[in-house]
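The primary structure of each chain is shown beneath.
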Amino acid sequence: MASGDIELESVTHTTQRVGVSTTPAEDSTRLSSPQPEGRQEFSLPPVDGGKDAWLFLAACWAIEALVWGFPFAFGVFQEYYSTHEPFANSPNVAVIGTCSMGIMYLTAPLMIGLCRFFGRWARWTPLLGLFIMCLSLAMSSFSTTVTHLIATQGILYAVGGGIAYCPCILYVDEWFVRRKGLAYGIMWSGTGLAGVVLPLLLQGLLHSLGFRTTLRLWSGVLFALTIPLSFFIKPRLPYSATSHIKPFNLTLFMIPTFWLYQLANVVEAAGFFLPGIYLPTYANSVFGAASYSSATTILLVNVASVFGCVAMGWFIDRFHVTTCILLSTIGATIGALVIWGLSSSLPLLYFFCVVYGLFAGAYTSAWPGIMNDIVRKGEAAGRGYIDPSMVFGWLAAGRGIGNVMSGPLSENLIQGLPWKGDTPAYGYGSGYGSLIVFTGVTALLGGASFIWRRLGML
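Q: Which residues make up the overall build of the chain, and what values go with them?
A: Across its full length, the chain carries 19 helices and 2 strands. Within the span of the chain, comprising 458 residues, buried residues form 59% of the whole. Taking the contacts inside the chain whose residues are at least 6 apart along the sequence as the reference set, 84% of them involve residues at least 24 apart. Here the chain has roughly 17700 Å² of accessible surface; of this, 68% comes from carbon and sulfur atoms.

Below, the structure written as structure tokens:
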């Protein structure tokens, strides 16, 4: 608990700055200020540290890993579904993975808004979401067509995941202020670490037990691991301190800064997910890699993204957001257009996976900086208080748009294996050349915010 007390009236007066610019020093001052006699007093845990804050962050990290790690490891399922009955050679297998991730992104504004609207009950929504996720995986084990998989492993899983995950975003701004970027980076690194373990685990289970038993087994494991964690996902502030926040305040859309960041965000997302979907298939078809060797491509991308997310979180607390985005952009662009495009062996492909995970995987860890910049610009323009959690929700929705676009786009980009054998460069002449170029160009355009700032537009 905190070192002092805070009265209910003081909390209500200062909530306009919740999650934006309140500092631990200011919080401590308010907590320790003398209170008139006869008024009811409340205690709050400290921000940026302490047992409660770190337990909250640890639970968020684990929920992040288990909710998002499964769809990020979908490349292993795609390889299995494409080569095993009853889904062998079926079209639109890639749509399953893009739906599971894309819908979680797309529904973020709705889920966060509803959690704000029903603030008293928001902390219990992870239980509902996790139940839906486990049910969807169990149902998908009975699928006989790709359409069934899209509906269960894709859409229903995403709905449950969105419900379970959004309270983590809603409350992180209450628990961390000065270390907000680092907190987000640590939380989002959970996906990368899960992506190290899950591809290898699922690869082995799929080939030894089949997809039906694997999905049922993972459904039970997911339930057992996540239900206890959900009790640590709780707010720091009492409901009365945040009940004034309007959940669907659309004044955000009247701020030009938001649209400039969002445009780059959508374009970057359109290409970001493609390597994660196609790298195992690429390694198998181009280099003849065995199952575990091809699954290693996803493992390397994900393990590198763990370090990339934490490092970007540290940077975003210290440097301007556009500088951090530029760093991610340079690494991702060079990785795709130079290393992947010119790779002629499996070790070079592995090197690309590390570079891409380290730089491209850190792009979303710059979002706390974008959120703060938009909130500051909105307040400076007289737009009033803008909820940073809703800024996150709309950024996530933009990323979801890019993600959903990438599924059908990727099918068209590699249809007929264009450029195969037309260029001496192995990557570009492998039949996946157009996919490589698209990934690199979208990564480059994702860094447009740095140029816009130099032009005075940000």
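Q: An account of the packing of aromatic side chains is needed here, citing residue identities and associated values.
A: Using the criterion set out here, one finds 32 aromatic pairs in the structure. Residues phenylalanine 253 and phenylalanine 258 carry aromatic rings whose centres are separated by 5.7 Å and whose planes lie at 45° to one another, so their mutual orientation is tilted. For phenylalanine 253, a relative accessible area of 26% gives the class partly exposed. Of the residues examined, phenylalanine 258 reaches a relative accessible area of 1% and is grouped as buried.

Q: Explain a nonpolar patch on the surface to me, and be specific about the residues and the numbers.
A: Side chains of Leu55, Leu110, Leu114, Phe117, Phe118, Trp121, Trp124, Phe231, Phe232 and Phe248 sit close together on the surface and give an oily, nonpolar patch of about 1000 Å² of accessible area. Look at leucine 55 and you get partly exposed, because its relative accessible area is 35%.

Q: Which residues make up the pattern of salt bridges, and what values do they have?
A: Tallied over the full model, the rule gives 5 salt bridges. For arginine 116, the salt bridge goes to aspartate 387, with nearest N and O atoms at 2.8 Å. In this pair, arginine 116 sits in helix α6 (residues 108-117) while aspartate 387 sits in the loop between α16 (367-380) and α17 (388-414), placing the two residues 271 residues apart along the sequence. In terms of burial, arginine 116 and aspartate 387 fall into one category: buried.

Q: Explain the nonpolar core to me, using residue names and the numbers behind them.
A: Soluble globular proteins: nonpolar side chains tend toward being buried together. Tyr81, Met187, Trp188, Phe352, Trp367 and Phe392 are the most contacted members of the largest nonpolar core, which has 133 residues in total. When residues in this core are grouped by element, the largest group, 15 residues, is from helix α8 (residues 146-175). In contact with tryptophan 367, other than residues within four places in its own chain, are Trp188, Asn265, Phe392, Leu395, Ala396 and Arg399.

Q: Which residues make up the packing of α6 against α17, and what are the values?
A: In the contact formed by α6 and α17, the axes pass within 7 Å of each other and the chain directions differ by 155°. One finds that α6 runs roughly antiparallel with respect to α17. Judged by residue contacts, Ala108, Pro109, Ile112, Gly113 and Arg116 of α6 engage Ser389, Met390, Phe392, Gly393, Trp394, Ala396 and Ala397 from α17. A breakdown of the residues in the contact of α6 with α17 according to their chemical character gives 8 nonpolar, 3 polar and 1 charged.

Q: Lay out the side chain of serine 189 in plain terms, naming residues and giving numbers.
A: Its location among the elements puts serine 189 in helix α9 (residues 180-229). Overall, the relative accessible area of 5% leaves serine 189 in the buried class. Side-chain polar atoms of serine 189 contact the backbone oxygen of isoleucine 186, separated by 2.5 Å. If we ignore the near neighbours within four places in the chain, the residues touching serine 189 are Trp61, Val306, Cys309 and Val310.

Q: Can you lay out the environment of glycine 161 for me, pointing to particular residues and giving the numbers?
A: Secondary-structure assignment places glycine 161 in helix α8. On the accessibility criterion, glycine 161 (0% relative accessible area) is buried. Once the C-alpha coordinates of glycine 161 and proline 126 are considered, the two residues, 35 residues apart in sequence, prove to be 8.6 Å apart. For glycine 161, the residues in contact, after removing those within four places along its chain, are Val67, Met104 and Met133.

Q: So what's going on with α16? Which residues, and what values?
A: An α-helical turn contains 3.6 residues, so a residue and the one three or four places further along point in the same direction. With 14 residues, α16 extends 20 Å from end C-alpha to end C-alpha; this agrees with the ideal 20 Å at 1.5 Å per step. Those residues of α16 that sit buried are Trp367, Pro368, Gly369, Ile370, Met371, Asp373, Ile374, Val375 and Gly378. Each element contacted by the buried residues of α16 is listed here: α8, α9, α11 (256-272), α13 (291-316), α14 (321-340) and α17. Once α16 finishes, glycine 382 follows within two positions and takes phi at roughly 80°, a positive value.

Q: Could you give me a rundown of unusual backbone geometry, with the residues and numbers involved?
A: For residues besides glycine, phi is generally negative; the peptide bonds are generally trans as well. Residue proline 86 follows glutamate 85 across a cis peptide bond; omega there is 5°. Secondary-structure assignment places proline 86 in the loop between α4 (74-83) and α5 (93-106).

Cut-offs and rules
- Residues numbered from 1 in each chain as written.
- Predicted model: local features only at pLDDT ≥ 70, side-chain atom pairs only at ≥ 80, totals over all residues.
- Heavy atoms only, no water.
- Helix = DSSP H or I, 4+ residues; strand = E, 2+ residues; numbered from the N terminus.
- Buried < 20%, exposed > 50% of the residue type's maximum accessible area, 1.4 Å probe, protein only.
- Contact = heavy atoms within 4.5 Å.
- Areas by Shrake-Rupley, 256 points an atom, 1.4 Å probe, with all protein chains shown as cover.
- Phe/Tyr/Trp six-rings, centres within 6.5 Å; stacked < 30°, edge-to-face > 60°.
- Patch = residues over 30% accessible without salt bridge, like charges linked within 9 Å, V, L, I, M, F, W, Y side chains within 5 Å.
- Salt bridge = Lys/Arg side-chain N within 4 Å of Asp/Glu carboxyl O.
- Core = buried A, V, L, I, M, F, W, Y, C linked by side-chain atoms within 4.5 Å.
- Axes fitted to C-alpha atoms, helices over the stretch in contact; angles between N-to-C directions.
- Parallel < 35°, antiparallel > 145°, perpendicular 65-115°, else oblique.
- Nonpolar A, V, L, I, M, F, W, Y, C, P; charged D, E, K, R; others polar.
- Polar contact = N/O pair within 3.5 Å; in protein donor to acceptor, adjacent residues only side chain to side chain.
- Expected span 1.5 Å × (residues − 1).

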